[in-house]
Amino acid sequence: MVVLVTGSSGQLGQALQFIAPKHKEFQFVFCSSSELDITDRANCNAIFEQYQPQYCINTAAYTAVDKAETESEKAYSINVIGAGNIAEVCKKLNTVLIHISTDFVFDGTRKLPYTEEDQPNPTGVYGKTKLEGEVAVQQTWKKHYIVRTSWVYSPFGHNFMKTMLRLASERETISVVNDQIGTPTNAVDLAEALVQIIKNNQQQPAIDNYGIYNFSNEGQCSWYDFAEKIFEINKISINLLSIPTSSFPTPAKRPSYSVLDKTKIKKAFSLKINNWETSLKDERK
């Protein structure tokens, strides 16, 4: 059973590489952007023809939220054209596609956890291109799972946790916004959930449960709360200041509330999801 992973040098791609040895029933094929450029249809066709995957996990994406505001063409090429290309080649080879999306498809004006049925309304280029990528997948190939996630962190790649730990080694004081509420997602937990989706699909292929799903860890917090817990777990003493978003302007507007409701994915795939604080502590083991 061949599972092809795009964007393997990103943090989710690296998390999948980390857990792959535990799942010996699958032959994982990991392709970085230099090996598989999802914006190049011919390249996609060649790689898929070579490996003939039964499943594809598309983690490749343009994720530089602020830079996307000035690099909209690049973001569109990867997040929309690329997603469409992957969906096309999956359709050609009857490959089940698992495509990763984001909480940034929502505007953050809601005060209850977002469900898969809530109306997206992205406010920036990144969120808009990720939403258009979802649509490209939906319109191209029926055998897809779109998994929206939020605030992903891990020991791999670039993320908030690693940034906080780096800044703590350079500064005595750090300011973090306290009025953006969401849920951190441990990339390894997400990777395990994606493998569970594949196992479920193998066992019950006749059940049509394709579509959009939310996944993050459980609970909610502000970025300030997240930073505070990171320093507490790592036993780092630092002067951490709580500031409003208005004091930390960015080119792209962030959702002020982007907690995701996980009821659907837990029920469909019998998932037990850790609280974000529990998974953050486990990161230290």
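Relevant structure appears above.
Residues numbered from 1 in each chain as written. Predicted model: local features only at pLDDT ≥ 70, side-chain atom pairs only at ≥ 80, totals over all residues. Heavy atoms only, no water.

Caption draft 1: Seen up close, the state of the cysteines. Using the criterion set out here, one finds 0 disulfides in the structure. With no disulfide of its own, Cys 44 has Cys 56 as its nearest cysteine by sulfur position, at a separation of 8.7 Å. Assessed through its relative accessible area of 0%, Cys 44 is described here as buried. (Disulfide = S-S within 2.5 Å. Buried < 20%, exposed > 50% of the residue type's maximum accessible area, 1.4 Å probe, protein only.)

Caption draft 2: Structural view of the packing of aromatic side chains. Scanning the model with the defined rule gives 15 aromatic pairs in all. Seen from their ring centres, Tyr 145 and Tyr 213 are 6.2 Å apart, and the 45° between their planes marks the pair as tilted. Residue Tyr 145 is found in strand S5 (residues 144–149), and its partner Tyr 213 is found in strand S10 (residues 211–214); the two are separated by 68 residues along the sequence. Per residue, the accessibility class of Tyr 145 equals that of Tyr 213, and both read buried. Clustering of aromatic rings is evident, with ring pairs tying together Trp 151, Tyr 153, Phe 160, Trp 223, Phe 226 and Trp 276. For Arg 110, the ring lying beneath its charged end belongs to Tyr 114, and the centroid distance is 5.9 Å. Lying over the aromatic face of Tyr 213, Lys 264 brings its terminal NZ or CZ to 4.5 Å of the ring centre. (Phe/Tyr/Trp six-rings, centres within 6.5 Å; stacked < 30°, edge-to-face > 60°. Helix = DSSP H or I, 4+ residues; strand = E, 2+ residues; numbered from the N terminus. Lys NZ or Arg CZ within 6 Å of the ring centre and 35° of its normal.)

Caption draft 3: The arrangement of unusual backbone geometry in detail. Residues other than glycine seldom take positive phi values, yet Lys 235 does so here, at roughly 55°. For Lys 235, the location among the structural elements is in the loop between helix H7 (223–233) and strand S12 (239–243). Here Lys 235 falls in the exposed class, since its relative accessible area comes to 76%. In this model, Ser 270 sits at a positive phi of 50°, which is unusual for a non-glycine residue. Following the sequence through the fold, Ser 270 ends up in the loop between helix H8 (263–269) and helix H9 (276–282). We classify Ser 270 as exposed; its relative accessible area is 63%.

Caption draft 4: Just the sheet that holds strand S1 (residues 2–6), in detail. With parallel pairing, 6 strands are arranged side by side in an open sheet as S2-S1-S3-S4-S5-S10. The outermost strands of the open sheet, each flanked by one partner alone, are strand S2 (27–31) and S10. Along the sheet, successive strands turn relative to each other by an average axial angle of 20°, direction set aside. In this sheet, strand S3 (residues 55–58) lies alongside S1 in parallel orientation, the contact comprising 4 bridges. Bridge pairing in S3 links Thr 6 to Asn 58. Helix H6 (residues 187–203) rests against S1, S2, S3, strand S4 (96–102) and S5 of the sheet, and its axis sits at about 160° to S5. (Pairing = 2+ DSSP bridges. Axes fitted to C-alpha atoms, helices over the stretch in contact; angles between N-to-C directions. Contact = heavy atoms within 4.5 Å.)

Caption draft 5: Up close: the packing of helix H1 (residues 11–19) against H6. One way to put it is that H1 packs onto H6 with a least axis distance of 8 Å and a crossing angle of 65°. The angle between H1 and H6 falls in the class roughly perpendicular. In the packing of H1 onto H6, the handedness of the crossing is right-handed. Where H1 abuts H6, its residues Gln 11, Leu 12, Ala 15, Leu 16, Phe 18 and Ile 19 lie against Ala 187, Val 188, Leu 190, Ala 191, Glu 192, Leu 194 and Val 195. Its residues placed into classes, the contact of H1 with H6 shows 11 nonpolar, 1 polar and 1 charged. (Parallel < 35°, antiparallel > 145°, perpendicular 65-115°, else oblique. Left-handed = near helix turned anticlockwise from the far one by under 90°. Nonpolar A, V, L, I, M, F, W, Y, C, P; charged D, E, K, R; others polar.)

Caption draft 6: Summary view of the side chain of Asn 58. Here Asn 58 shows up in strand S3. On the basis of relative accessibility, which here comes to 1%, the residue Asn 58 falls in the buried class. A distance of 3.0 Å separates a polar atom in the side chain of Asn 58 from a polar atom in the side chain of His 99. Those residues in contact with Asn 58 that lie beyond four places of it in its chain are Thr 6, Ile 38, Ala 83, Ile 86, Leu 97, Ile 98, His 99 and Ile 100. (Polar contact = N/O pair within 3.5 Å; in protein donor to acceptor, adjacent residues only side chain to side chain.)

Caption draft 7: Expanded view of the pairing of S4. Within S4, 7 of the 7 residues are buried, leaving the element largely enclosed by the surrounding structure. Summarising the sheet, S3 and S4 pair through 4 bridges and their orientation is parallel. Bridging from a neighbouring strand, Tyr 55 pairs with Val 96 of S4. When S4 meets S5, the two strands line up parallel, connected through 6 bridges. Bridge pairing in S5 links His 99 to Ile 146.

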